[in-house]
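Reading the structure
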Amino acid sequence: MKHITIILLAALIATSLISFGPASADSPRYLHITEITMEPQGPHASFTVKYELDLIAQIYVLFLGSGNIQPAINDMFYDFDDIKIISIKENHARILAYNVGYQDNDISGVYFYDSHMLGATVDTFIVFPESENPEQLYNVKSTPNVFMRQDK
């Protein structure tokens, strides 16, 4: 009986912490974004978001599942028009953003990706992770303006 009371109390505390939205453009206290990787795919872009959860949120996710941090992930990509959360795990999430790039009419195969604000400061932002020299940015609040040649 004592263990059930402790678990219920921890769940109640976690629920109250998770239900508070961010008061500013930073992520909630329970979630720290450590890294985002952007992989352009034609007019779309795939993002992998790596994060750390505080102890209470870890317990909450353990018992109730990681889907409960979905609002924080959505808030991270508030400046994008059309996103789909592919998966949310204990320490990372995969997101697909549709129609974030556009092709240059004069230069075949080149896509441009305009900068978008992010809902929190990100420790490390990586663009083109599969290239020889992936671009790494630190302490960013927006995606960079980038272009990429994508030959078919």
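Numbering of residues begins from 1 in every chain and follows the order in which that chain's sequence is written. Per-residue local features of the predicted model are confined to residues with pLDDT of at least 70, and side-chain atom pairs are confined, for both listing and counting, to 80 or more; whole-chain, interface and lining totals are unaffected and use all residues. Only hydrogens and water are set aside when side-chain values are computed; all heavy atoms of the structure are taken into account.

A look at the overall build of the chain
If you tally the helices and strands in the chain, you get three helices and nine strands. Note on conventions: DSSP H or I runs of at least 4 residues are helices, E runs of at least 2 residues are strands, and numbering of each starts at the N terminus. In sequence order, the chain lays out its α and β elements as α-β-β-α-α-β-β-β-β-β-β-β. A buried classification covers 38% of the 152 residues belonging to the chain. Contact between two residues is taken to exist if any of their heavy atoms lie within 4.5 Å; hydrogens are not considered. Sequence separation of 24 or more characterises 56% of the internal contacts of the chain that already satisfy a separation of 6 or more. Only the protein chains shown count as cover for residues, and all accessible areas are computed by the Shrake-Rupley method using a 1.4 Å probe. On the chain, roughly 9,100 Å² of surface is accessible, and the fraction owed to carbon and sulfur atoms is 54%. Buried means the residue's accessible area, taken with a 1.4 Å probe over protein chains only, is under 20% of the maximum for its type, while exposed means over 50%, and partly exposed covers the values in between.

Here we look at a nonpolar patch on the surface
Candidates for patches are residues over 30% relative accessible area with no salt bridge; among them, like charges are joined within 9 Å and nonpolar side chains (Val, Leu, Ile, Met, Phe, Trp, Tyr) within 5 Å. Salt bridges are identified by distance alone: a Lys or Arg side-chain nitrogen within 4 Å of an Asp or Glu carboxyl oxygen. On the surface, L62, F63 and L64 cluster together into a nonpolar patch covering about 350 Å² of accessible area. Take L62: it is sitting in helix α2 (residues 55–64). The exposure class assigned to L62 is exposed, which follows from its relative accessible area of 67%.

Focus on the sheet that holds strand β3 (residues 83–88)
With mixed pairing, six strands are arranged side by side in an open sheet as β3-β4-β2-β1-β7-β8. Edge strands, defined here as strands with exactly one partner in the open sheet, are β3 and β8 (135–142). Averaged over all pairs of adjacent strands, the angle between their axes in this sheet comes to 25 degrees, without regard to strand direction. Paired strands, as defined in this entry, are two strands with at least two bridges between them according to DSSP. Where strand β1 (residues 31–41) lies against strand β7 (residues 117–127), four bridges are found, and the strand directions are parallel. Geometry is summarised by axes, namely lines fitted to C-alpha atoms with helices restricted to the contacting stretch, and by angles between N-to-C directions that run from 0 to 180 degrees.

Side note on the sheet that holds strand β9 (residues 146–149)
What links the strands of a sheet is backbone hydrogen bonding, and the strands pair in either a parallel or an antiparallel sense. With respect to topology, three strands assemble into an open sheet ordered β5-β6-β9, the strand pairing being antiparallel. Every interior strand has two partners, whereas the edge strands, β5 (101–103) and β9, have only one. Each strand axis lies, on average, 25 degrees off the axis of its neighbour in the sheet, ignoring direction.

Digging into the packing of aromatic side chains
Geometry of an aromatic ring pair is reported as the spacing of the ring centres plus the angle between the planes. Aromatic contacts are taken between Phe, Tyr and Trp rings whose centres are within 6.5 Å, Trp giving its six-membered ring; a plane angle under 30 degrees counts as stacked, one over 60 as edge-to-face, and the others as tilted. If you walk through the whole model with that rule in mind, you get five aromatic pairs. Look at F112 and F147: their rings are 6.0 Å apart centre to centre, the planes differ by 40 degrees, and that puts the pair in the tilted class. Placement of the pair is F112 in strand β6 (residues 110–113) and F147 in strand β9, with a sequence separation of 35 residues. According to the relative accessible area criterion, F112 is partly exposed, its value standing at 24%. Residue F147 is classed as exposed on the basis of its relative accessible area, which comes to 57%.

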